Amino acid sequence: MLDLFADEMPWQEPLAEGAVILRRFACADAPRLLAQIAQLAAISPFRQMVTPGGYTMSVAMTNCGEVGWTTDRHGYLYSTMDPLTSQPWPDMPGIFKKLSDAASTAAGYPDFAPDACLINRYAPGAKLSLHQDKDELNLQKPIVSVSLGLPAVFQFGGLKRNFPLKRVMLEHGDVVVWGGPSRLFYHGILPLKAALHPLTGEYRFNLTFRHTR
Ligand code: SIN
Ligand code: FE2
């Protein structure tokens, strides 16, 4: 029987040299990923971090894995402890590892084995200014970024902040992988437009997998 609500088959869209969007790649796993995010956030809650410049980030964040990305008045760092709970970050769920390895492999980067997963939560208006992911020691490994819930506009530029930007809409289940020549490309998220998603309500979630060491 024709199922009008079946998940779409994934497809690939090149973004830049070394970078690709795996459209809808995470759709089938999404309900389980979201259930895991809720469990992880019960251990290490979402919080709005303060940057070294004293700016409170609009995106709420938490982490899972061996190390987690944090920022405070002193700088950016990967730490084994959650500074909010003074406990280690919760383990990375098996389904997270499976998905990130499948995505990196599909994008041409096998043997990813991330040790960190940053979990971002965007409410309406939340944004992430243009930045490079450069706090990782191992730049041979790619970044794998999973979008869940409400759509958002992703900007992807080049090695310098003022290089031209591509703007693409990232939707529920889309996975972006960037590495190699685009590993240090500037990127960001424009302010989230208010809407309601059947699985995430007023939020967009993003999982960013990194290999930090
Ligand atoms: C990030 O750059 O850490 C996240 C990007 C996104 O939310 O899609
Ligand atoms: Fe980033």
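Below: a short report on this structure. (Residues numbered from 1 in each chain as written. Chains lettered and ligands numbered in written order. Predicted model: local features only at pLDDT ≥ 70, side-chain atom pairs only at ≥ 80, totals over all residues. Heavy atoms only, no water.)

What about the sheet that holds strand β3 (residues 60-65)?
Move 1: Here seven strands make up an open sheet; going across it, the order is β1-β2-β13-β10-β15-β8-β3 and the pairing antiparallel. Where the open sheet ends on each side, the last strands, each with one partner, are β1 (11-16) and β3. Adjacent strand axes in the sheet meet at a mean angle of 20°, parallel and antiparallel pairs treated alike.
Move 2: Alignment of β1 against strand β2 (residues 19-23), held across five bridges, turns out to be antiparallel. Looking at the pairing, Pro14 lines up with Val20 of β2. (Pairing = 2+ DSSP bridges. Helix = DSSP H or I, 4+ residues; strand = E, 2+ residues; numbered from the N terminus. Axes fitted to C-alpha atoms, helices over the stretch in contact; angles between N-to-C directions.)

What about the coordination of the iron ion (ligand 2)?
Move 1: For the iron ion (ligand 2), the protein coordination sphere consists of His131 (NE2), Asp133 (OD) and His187 (NE2), at 2.1 to 2.2 Å.
Move 2: Metal-centred angles of 88 to 174° between the four donor atoms at the iron ion (ligand 2) mark the site as irregular.
Move 3: On the primary sequence, the residues serving as donors to the iron ion (ligand 2) are separated as H-x1-D-x53-H.
Move 4: Asp133 sits in the buried class, given a relative accessible area of 5%. (Donors = N, O, S within 2.8 Å, 3.2 Å for Na, K, Ca; no water. Tetrahedral: all angles 85-135°; square planar, octahedral: opposite > 155°, others 65-115°. Buried < 20%, exposed > 50% of the residue type's maximum accessible area, 1.4 Å probe, protein only.)

Observations regarding the site of ligand 1
Move 1: Neighbouring ligand 1 are the residues Asn120, Tyr122, Leu128, His131, Ser145, His187, Ile189, Arg204, Asn206, Thr208 and Arg210.
Move 2: The contact in question runs from an oxygen atom of ligand 1 to an N or O atom on the side chain of His131, over 3.1 Å.
Move 3: When atoms are counted within 2 Å of each cavity's grid points, the one that captures over half of ligand 1 is the largest pocket.
Move 4: Going through the elements one at a time, β8 (116-122), β9 (128-131), β14 (187-189) and β15 (204-210) are the ones with two or more residues in the shell around ligand 1. (Near = heavy atom within 4 Å. Polar contact = N/O pair within 3.5 Å; in protein donor to acceptor, adjacent residues only side chain to side chain. 1 Å grid on protein atoms, 1.4 Å probe; cavity = no way out; pocket = protein on both sides within 12 Å on 5 of 7 lines; lining within 4 Å. Sits in = over half its atoms within 2 Å of the grid points.)

Digging into the layout of surface pockets
Move 1: Of the voids in this model, the largest pocket is the one considered here, and its volume is about 600 Å³.
Move 2: Within the residue set of the lining of the largest pocket, elements represented by two or more residues are β5 (75-79), β8, β9, β14 and β15. (Points joined across faces, edges and corners; volume = space filled by probe spheres on them.)

Topic: the sheet that holds β14
Move 1: If you trace the four strands from one edge of the open sheet to the other, you get β9-β14-β11-β12, paired in antiparallel fashion. Taken across any chain shown, the strands that pair with only one partner, and hence form the sheet edges, are β9 and β12 (166-170). Sheet twist, expressed as the average angle between the axes of neighbouring strands with direction ignored, equals 20°.
Move 2: The pairing of strand β11 (residues 152-156) with β14 spans three bridges and is classified as antiparallel. What sits directly across from Phe156, in β14, is His187.

Regarding unusual backbone geometry
Move 1: You will see that Ser86, though not glycine, has its phi angle at about 55°, which is positive.
Move 2: Here the phi dihedral of Asp111 falls at roughly 55°; this positive angle occurs in a residue that is not glycine.
Move 3: By the secondary structure assignment, Asp111 is in the loop between α2 (94-106) and β8.
Move 4: On the basis of relative accessible area, Asp111 is assigned to the exposed category, the value being 64%.

So, the pattern of salt bridges
Move 1: Applying the stated criterion across every chain yields a total of eleven salt bridges.
Move 2: Ionic pairing is found between Asp82 and Arg47, a salt bridge with its closest N-O pair at 2.7 Å. In this pair, Asp82 is assigned in strand β6 (residues 81-82) and Arg47 in the loop between α1 (30-43) and β3, connecting sequence segments 35 residues apart.
Move 3: The residue Arg210 makes a salt bridge to Glu136 at a minimum N-O spacing of 3.6 Å. Here Arg210 is found in strand β15, whereas its partner Glu136 is found in the loop between β9 and β10 (143-149), with 74 residues between them in sequence. (Salt bridge = Lys/Arg side-chain N within 4 Å of Asp/Glu carboxyl O.)

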